[in-house]
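Geometric and topological summary
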Amino acid sequence: MSLLQPYIQQCATAFTPPFSISSPHSSYVSVSKRIFISCCSSHSQTAVLNGTIDGKIAERAEIRLGLPSKGRMAADTLDLLKDCQLSVKQVNPRQYVAQIPQLSDVEVWFQRPKDIVRKLLSGDLDLGVVGLDTVSEYGQGNEDLIIVHDALEYGDCRLSLAIPKYGIFENINSLRELAGMPQWTTEKPLRVATGFTYLGPKFMQENGLRHVTFSTADGALEAAPAMGIADAILDLVSSGTTLKENNLKEIEGGVVLESQAVLVASRKALIQRKGALDTTHEILERFEAHLRALGQFTVTANMRGGSAEEVAERVLSQPSLAGLQGPTVCPVLCKRDGKVTSDYFAIVICVPKKALYKSVQQLRAIGGSGVLISPLTYIFDEETPRWRELLSKLGM
Ligand SMILES: Nc1ncnc2c1ncn2[C@@H]1O[C@H](COP(=O)(O)OP(=O)(O)OP(=O)(O)O)[C@@H](O)[C@H]1O
Ligand SMILES: O=P(O)(O)OC[C@H]1O[C@H](OP(=O)(O)OP(=O)(O)O)[C@H](O)[C@@H]1O
Ligand SMILES: [Mg+2]
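Residues numbered from 1 in each chain as written. Chains lettered and ligands numbered in written order. Predicted model: local features only at pLDDT ≥ 70, side-chain atom pairs only at ≥ 80, totals over all residues. Heavy atoms only, no water.

So, the nonpolar core
One finds L67, V88, V108, L152, F287 and L390 to be the most contacted residues of the largest nonpolar core, which totals 34 residues. Sorting elements by how many residues they give to this core places helix α11 (residues 276-294) first, with six residues. Listed in part, the 23 residues of the second largest apolar core include L190, F203, M204 and V212. (Core = buried A, V, L, I, M, F, W, Y, C linked by side-chain atoms within 4.5 Å. Buried < 20%, exposed > 50% of the residue type's maximum accessible area, 1.4 Å probe, protein only. Helix = DSSP H or I, 4+ residues; strand = E, 2+ residues; numbered from the N terminus.)

Section: helix α4 (residues 113-122)
Helical periodicity: at 3.6 residues per turn, an α-helix aligns residues three or four positions apart in one direction. Along α4, the positions that sit buried rather than exposed are P113, I116, V117, L120, L121 and S122. After α4 finishes, the residue G123 shows a positive phi value of roughly 85°.

Topic: the state of the cysteines
Scanning the model with the defined rule gives zero disulfides in all. No disulfide involves C330; its nearest neighbouring cysteine sulfur is the one of C350, lying 13 Å away. (Disulfide = S-S within 2.5 Å.)

Describing the site of ligand 2
In the vicinity of ligand 2, the residues found are R72, G219, A220, E222, D235, L236, V237, S238, S239, G240, T241 and T242. Between ligand 2 and the protein, one listed contact pairs an oxygen atom with a side-chain N or O atom of E222 at 2.6 Å. In the environment of ligand 2, an oxygen atom lies 2.4 Å from a nitrogen or oxygen atom belonging to the side chain of T242. Computed on the free molecule, ligand 2 has an accessible area of 490 Å², of which 64% lies beneath the protein chains in the complex. Put simply, the parts of the chain that give the shell around ligand 2 at least two residues each are β12 (232-237) and α9 (241-245). Per-element tally for the shell around ligand 2: the top contributor is β12, with three residues. Its residues assigned to classes, the shell around ligand 2 comprises three nonpolar, six polar and three charged. (Near = heavy atom within 4 Å. Polar contact = N/O pair within 3.5 Å; in protein donor to acceptor, adjacent residues only side chain to side chain. Areas by Shrake-Rupley, 256 points an atom, 1.4 Å probe, with all protein chains shown as cover. Nonpolar A, V, L, I, M, F, W, Y, C, P; charged D, E, K, R; others polar.)

Some points on the packing of aromatic side chains
Per the counting criterion, the structure on display carries two aromatic pairs. Seen from their ring centres, F169 and W184 are 6.1 Å apart, and the 20° between their planes marks the pair as stacked. With F169 in the loop between β9 (157-164) and α6 (175-179) and W184 in the loop between α6 and β10 (190-194), the pair connects residues that are 15 residues apart, well separated along the chain. No difference in accessibility class separates F169 from W184, as the two residues are buried. For the ring pair Y378 and F380, a centre distance of 5.2 Å and an interplane angle of 35° mean the geometry is tilted. (Phe/Tyr/Trp six-rings, centres within 6.5 Å; stacked < 30°, edge-to-face > 60°.)

Brief notes about the pattern of salt bridges
Under the counting rule described, the total for this entry stands at 15 salt bridges. Where R64 meets E107, a salt bridge forms, and the shortest distance between an N and an O atom there is 3.5 Å. Taken as a pair, R64 in strand β4 (residues 63-68) and E107 in strand β6 (residues 106-111) lie far apart in primary sequence, 43 residues in all. Across the pair D343 and R336 runs a salt bridge whose closest N-O atoms are separated by 2.2 Å. A relative accessible area of 23% places D343 in the partly exposed class. The exposure class assigned to R336 is partly exposed, which follows from its relative accessible area of 42%. Linked by salt bridges that have partners in common, R60, D126 and R273 make up one network. (Salt bridge = Lys/Arg side-chain N within 4 Å of Asp/Glu carboxyl O.)

Concerning the side chain of Q260
Looking at where Q260 falls in the secondary structure, it is placed in the loop between β13 (248-259) and β14 (261-266). Exposure remark for Q260: the relative accessible area of 18% places this residue in the buried category. Among the polar contacts made by the side chain of Q260, one reaches the main-chain amide nitrogen of L152 at a distance of 3.4 Å. A polar contact of 2.8 Å, which involves the side chain of Q260, links it to the backbone nitrogen of E153. Ignoring any residue separated from it by four or fewer positions in sequence, one finds Q260 in contact with V130, G131, L132, D150, A151, L152, E153, Y154, G155 and D156. (Contact = heavy atoms within 4.5 Å.)

Focus on the site of ligand 1
Taken together, G71, R72, M73, R112, G131, D133, T134, G155, D156, C157, L236 and S238 are the residues near ligand 1. Take T134: an N or O atom from its side chain is 3.1 Å from an oxygen atom of ligand 1. Take S238: an N or O atom from its side chain is 3.3 Å from a nitrogen atom of ligand 1. Protein burial of ligand 1: of its 610 Å² of free accessible surface, 71% is covered by the chains. Looking at the shell around ligand 1 residue by residue, the classes come out as three nonpolar, five polar and four charged.

Focus on the sheet that holds strand β17 (residues 339-352)
If you walk across this open sheet you meet the four strands as β16-β17-β15-β18, and the pairing is antiparallel. Each of the sheet's edge strands pairs with one partner strand only, and the pair in question is β16 (328-336) and β18 (368-375). Recorded for the sheet is a direction-independent mean angle of 25° between the axes of neighbouring strands. Bridge analysis of strand β15 (residues 296-304) against β17 gives nine bridges, and the strand direction is antiparallel. By the bridge assignment for β17, A301 is matched with I347. Of the strands in this sheet, β15, β16 and β17 touch helix α12 (residues 308-316), which is tilted by about 125° from β15. (Pairing = 2+ DSSP bridges. Axes fitted to C-alpha atoms, helices over the stretch in contact; angles between N-to-C directions.)

Nothing here speaks to function; it is geometry throughout.
Next up, the structure:
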């Protein structure tokens, strides 16, 4: 039985029969009155049960981390891990298993993003890095999937509905206007081309669009309206260039999901697999510390003053100079007339990259000189907020 089944049944009760489910392998899904067809046999629960027996995970010593084997997420994921001093040692690009020397109990498996989600559900992977769009589409709200880090700051895109700029759509600019067009009927529903055959129908149903039918393809969906195959498309948008080049436009209320790369885990693995939670903690800490540091610079400067407190007062009087917890102020000691004195103090603060120039101006305004700026590698907090969240999601 497909995981889409509850949804199909929900639709079936929402609309009056007759309807039919003609083939579980068909690539068509419709939320119009007549056809409700599950789209993808690979979503089946048999697969979900593969690596688990009666909800218990299969025994193995290693913790398996799935990383994208190709596509635009692959290189950025390896770069992130490298920046966190977790370089992946892969002998050659065609070898799908690899190691991270710093995490001795982790085995890396390179997989296509959708297969990472499927294998997390089947118990064949424990952790994975993929786009939120892929987790949402192939995870279908399954409670075994837990988002451990929701913002790895790459792979930014949105899943968005787009329609032609021309013809009957020329003056249609919102989902409400699209839904209100008299053209869509049971006999002639709005045809949407999408690779998101779970999220697409769900979104349409939640937004009250009744006369909709879906077709699917693996890529270049933006061609479908001009080819006469579809009226609209539901696909990922990043810069918007592909839509523009194909004479398509997004509409108000048409964004299904904002996505970026995330770290996702199997709840069962975190709870049952020895070492999985500790390893996840380490990866999470490194990701958080690195990503927090990305937005910050360390600024050091010298400042003349009578005492550390007096210098701190001056620094704290400026809105952009508070730092993470306040400035570090240390005396700069030098010898004058045989005596050690401290006419200058060195101050060290963290400054958001965006506020860098303003901070330098404020430092100068209060007498700062010799301002040095260096990038930060990590900011480790006492405890990461996401770790607390994860423990609470796990009921710990
Ligand atoms: N234009 C984009 N800009 C930024 N990120 C994107 C964009 N398109 C996709 N992504 C993100 O990258 C992930 C992988 O996309 P990619 O195009 O590499 O693979 P795919 O389309 O799923 O597979 P394939 O095209 O190989 O069949 C997507 O799931 C999404 O999270
Ligand atoms: O808004 P843009 O920056 O133009 O990016 C959007 C395009 O990127 C993705 O396609 P991809 O390049 O992955 O090709 P595909 O259709 O073969 O998956 C997506 O499916 C869009 O077509
Ligand atoms: Mg693609």
